[in-house]
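Each chain, written out:
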2 protein chains.
Amino acid sequence: MGNTTPFTSPLPAFVAKVSSHCGTCNLRDLCLPIGLTDAELDKLDQIVKHRKRIPRDGALYRMNDPFVNLYAIRVGHFKTFQVNANGAHHISGFQMTGQLLGMEAISAYRHQCNAVALEDSEVCEVPFTDLERLLKDVPVMLHQFHRMMSHEIAQDRHAMLQLGNLRAEQRFAAFLLNLSVRYKNRGYSATNFQLRMSREEIANFLGLTNETISRLLSQFKKIGWIKVNNREIELLNLLTLQTLVEGK
Amino acid sequence: MGNTTPFTSPLPAFVAKVSSHCGTCNLRDLCLPIGLTDAELDKLDQIVKHRKRIPRDGALYRMNDPFVNLYAIRVGHFKTFQVNANGAHHISGFQMTGQLLGMEAISAYRHQCNAVALEDSEVCEVPFTDLERLLKDVPVMLHQFHRMMSHEIAQDRHAMLQLGNLRAEQRFAAFLLNLSVRYKNRGYSATNFQLRMSREEIANFLGLTNETISRLLSQFKKIGWIKVNNREIELLNLLTLQTLVEGK
DNA sequence: CGCCCTGTTGAAACAGATCAACGGAGGTGG
DNA sequence: CCACCTCCGTTGATCTGTTTCAACAGGGCG
C-alpha cells in the first residue's frame, strides 16, 4: 500500500498541529501550510462549525443516506464498508485522523457505503455545498481538495492491485506496512501500534478469512518478523516485510 | 459492477451527442446539459484544443510521467495498469468513450499508472491548470467535475468489493454485466458487444488466470447463458448473470 | 461464576493456479 | 496463393494455497 509511494501525500500537511488557534477542525490544519490569509482561514472555520462525537460501533453515515456533509476525522478510527444484495459486507478501507470521509457520495448525492467508528471518535462536519462555494473563491484550496480526491483514487487503485495480485501473506504484510506508513505520517511510531480492528475485519478487508490472518500472525511471529500481543503489534523488520510484498 | 447502481451516473450526459456545434471534445458534451451559457462553453472549447490519436498498443501516458493533462476519450478503448517492483503488472480498469483519464495523477503531480490504447483511439487533451482555472468561474462545471472524481472513487470501491468477495464465476459475470451497462449507457446494445481486451487482460483485471477465464466462457456458453465467438459476446440472460453475482 | 465474543490451531475439502499439449486465427514472407 | 510462424485461446491433469469445519483457549463483562 503506501509502500513505495513516490509522491507527496496530501495527508501529512493535513495533520499538522495548530497550537495557537482554536482551530475547530483539522480541515483548517490542511489549509494552513498552503499560504492562506487569515480571512480565508476564518471563512473555512465558519463553514465547519459542528463537531460530532461518534461512539465505538456508531455509524457516521449509512449507505443511501442523502449526501450533505463531508467529514474530517479529528480523533479515532473508522471503517467503511458496503453491503451487497445477500447481506454480505465488505470493508473497503480503514480511516484514521486527518482523513476525509464521504467523498464517494458526491457523485450520486447519496452515500455509497457505511462509515462506522472502530473506537470512540470525533469528526468535523463539512457541509459540501458550503465547501464548494468556498473552494471556488480560493484556488489554492480548490487545488488541494482535488489532490485529496485524486489521492483517494490512487490509494484505491493500489489496494485493488494488491487484492488482485498478491498471495495471502503478501497482502497481510502490505496491510501492516500500510498502517506503519500512515502512523509514521501522523507522528506516531512506524513499528509499534495497536490494531484498531479485529482479525475478522482485517480478513474481510483483504479478501481472506480470520483463520488465515490468525495463522499469518502466528507465522510472522514465529519467524521473528513481528511481535504480537492481542492487538498490540511490533514490526521487527520493515525491510523484510517490504521484500515479501515486492518479491515473487 | 454497475449492476444495482441506484444513482445517476455522470457519464451518460457526458456522451450525449452534440450535433449542431463543432464541439472539439466530449468534455463539452458533458457540460451542455447542465445549463451553461454559450460564452462558458466557448471558454471550455478554448482550453481543449488538442485532439490526439493513439494507435493500438500505444501509450497515452506512463507511470511517473509528470501530470499535465487530463484526457477525455473521444473514440476507442483504453486499459490502465500499474507495474510493481518485480515487473508484474496489474490492470486497474478498462476505459471507454466519454471517460476521463488521468485523475489519479492530480495528487502527486505524476501519473500513477500506464494508460494504453486497446485499439486505435482518440482523446482530447485537457490541460489541468487551465481546467481548474475555468472551473472556479463556473460553479456548475466545478460541481460536475467533483461528481466525476467521486464517481471514479465509487467505481473503484465497487471493483474492490468484487475482487475481495466474489468467486471466479461471480467476478467474471460481474465483469460482463459491467460492460453491458456501460455500453447500454452509451447507446449500444447491452447484450451484444465485442470484447476489446484479451482473455489474459480480463484475467489480470479480475485477479484470475487466462485459463480460468477461458473455462468460464466455455462453461457459461454450455449452460446457455452466453454466446461466444472469439471476442464477440452475446449475453443471453442478464438476469441469471445478475443472480449469480448477487447470490451466495 | 459463567457466558459470549475474539482469537488460535488442526485436519479435510475445494477452488483456482500451474504445467502442458494442442488448435485455430491472423499476419508475414516467399 | 500458400506455407509458415506466432500469438491467443481452449482443454486436460495435477498441484497448492486458502477456505471450511471443528474444537478449544483466553479475556472481558454482566
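These numbers were taken from a predicted model, which means no experiment stands behind them.

Conventions and cut-offs
- Residues numbered from 1 in each chain as written.
- Chains lettered and ligands numbered in written order.
- Predicted model: local features only at pLDDT ≥ 70, side-chain atom pairs only at ≥ 80, totals over all residues.
- Heavy atoms only, no water.
- Helix = DSSP H or I, 4+ residues; strand = E, 2+ residues; numbered from the N terminus.
- Buried < 20%, exposed > 50% of the residue type's maximum accessible area, 1.4 Å probe, protein only.
- Contact = heavy atoms within 4.5 Å.
- Areas by Shrake-Rupley, 256 points an atom, 1.4 Å probe, with all protein chains shown as cover.
- Pairing = 2+ DSSP bridges.
- Least-squares fit on C-alpha atoms with pLDDT ≥ 70 in both.
- Near = heavy atom within 4 Å.
- Polar contact = N/O pair within 3.5 Å; in protein donor to acceptor, adjacent residues only side chain to side chain.
- Salt bridge = Lys/Arg side-chain N within 4 Å of Asp/Glu carboxyl O.
- pLDDT = per-residue confidence, 0-100.
- Buried area = accessible area lost by both parts, 1.4 Å probe.
- Core = buried A, V, L, I, M, F, W, Y, C linked by side-chain atoms within 4.5 Å.

Draft legend 1. Expanded view of the overall build of chain A. Each helix and strand in chain A was counted, giving nine helices and 11 strands. Counting all 248 residues of chain A, 58% fall into the buried class. Across chain A, the fraction of contacts at a sequence separation of at least 24, relative to all contacts at a separation of at least 6, is 71%. In the structure as shown, chain A presents an accessible area of about 10,400 Å², 50% of it carried by carbon and sulfur atoms.

Draft legend 2. Region of interest: the pairing of strand E8 (residues 121-127) of chain B. Residues and elements named next belong to chain B. Counted residue by residue, E8 has six buried out of seven residues, so it is predominantly covered. Here strand E1 (residues 51-54) runs beside E8; their pairing, made up of four bridges, is antiparallel. Counted as the bridge partner of Arg51 is Cys124 from E8. As paired elements, strand E3 (residues 69-75) and E8 share six bridges and run antiparallel to each other. Of the residues in E8, the one forming a bridge with Ala72 is Cys124.

Draft legend 3. Representation of the relation of the copies chain B and chain A in the model. Once turned by 180° and shifted 0.0 Å along the axis, chain B lies on chain A with an RMSD of 0.0 Å. Viewed as a symmetry operation, the transformation between the two copies matches a two-fold axis. Relative to the rotation axis, the closest C-alpha in chain B is found at B:Lys136, a distance of 2.3 Å. Here 100% of the interface residues in chain B have copies in chain A that are interface residues too; the copies meet face to matching face.

Draft legend 4. Examining the protein's contact with DNA strand D more closely. Close contacts around DNA strand D come from 16 residues, with A:Ala168, A:Thr212, A:Arg215, B:Ser214 and B:Ser218 the closest. Each atom of DNA strand D within 4 Å of the protein was assigned to sugar, phosphate or base; sugar and phosphate come to 64%. One of the backbone N or O atoms of A:Ala168 is found 2.6 Å from a phosphate oxygen in DNA strand D. Here a phosphate oxygen of DNA strand D sits 2.8 Å away from a polar atom, N or O, in the side chain of B:Arg199. Of all the elements in the fold, those that place two or more residues in the surface near DNA strand D are helix H8 (210-223) of chain A together with helix H7 (199-206) and helix H8 (210-223) of chain B.

Draft legend 5. Geometry of the environment of B:Leu244. Positionally, B:Leu244 belongs in helix H9 (residues 238-246). Counting along the chain gives 75 residues from B:Leu244 to B:Glu169, while the straight-line C-alpha distance between them is 8.1 Å.

Draft legend 6. Quick look at the pattern of salt bridges. Residues and elements named next belong to chain A. Counted under the stated rule, the structure contains 22 salt bridges over all chains. The salt bridge involving Arg74 is made with Glu122; its shortest N-O contact spans 3.5 Å. Pair noted here: Arg74 is in strand E3 (residues 69-75) and Glu122 is in strand E8 (residues 121-127), with a separation of 48 residues, a long-range link. Given a relative accessible area of 16%, Glu122 falls into the buried group. Among the ionic contacts, a cluster of salt bridges with common partners joins Arg51, Arg74 and Glu122.

Draft legend 7. Representation of the confidence of the model for chain A. Put simply, chain A has an average pLDDT of 85, and 85% of its residues get 70 or more. Across residues 1-23 of chain A, where pLDDT falls below 50, the model places 57 contacts with residues more than four positions away in sequence or in other chains.

Draft legend 8. A look at the interface of chain B and chain A. Between chain B and chain A, the contact holds 49 residues from the first and 49 residues from the second. Each partner contributes to the roughly 4,700 Å² buried at the junction of chain B and chain A, and carbon and sulfur atoms together form 60% of this total. There are four salt bridges connecting chain B and chain A. For the salt bridge of A:Arg157 with B:Asp156, the shortest nitrogen-to-oxygen distance reads 3.1 Å. At the boundary of chain B and chain A, one finds 21 residue pairs in polar contact (both at pLDDT 80 or more). Elements represented by at least two residues in the side of chain B that touches chain A include exactly strand E5 (89-95), helix H4 (128-137) and helix H5 (139-165) of chain B.

Draft legend 9. Layout of the protein's contact with DNA strand C. Residues in close proximity to DNA strand C total 16 residues, the closest being A:Arg199, A:Ser214, A:Ser218, B:Ala168 and B:Thr212. At the protein interface, 64% of the atoms of DNA strand C within 4 Å belong to sugar or phosphate. Measuring from a phosphate oxygen of DNA strand C, one finds a side-chain N or O atom of B:Thr209 at 3.1 Å. A distance of 2.3 Å separates a phosphate oxygen of DNA strand C from a polar side-chain atom of B:Thr212.

Draft legend 10. A look at the nonpolar core. Counting 74 residues, the largest nonpolar core has A:Phe172, A:Phe175, A:Phe220, B:Phe172, B:Phe175 and B:Phe220 as the members making the most contacts within it. Excluding residues that lie within four positions of it along the chain, A:Phe220 makes contacts with A:Glu169, A:Phe172, A:Ala173, A:Leu176, A:Trp225, A:Ile226, A:Leu241 and A:Leu244. Counting 46 residues, the second-largest nonpolar core is a separate cluster that includes A:Ile47, A:Val126, B:Phe67 and B:Leu134.

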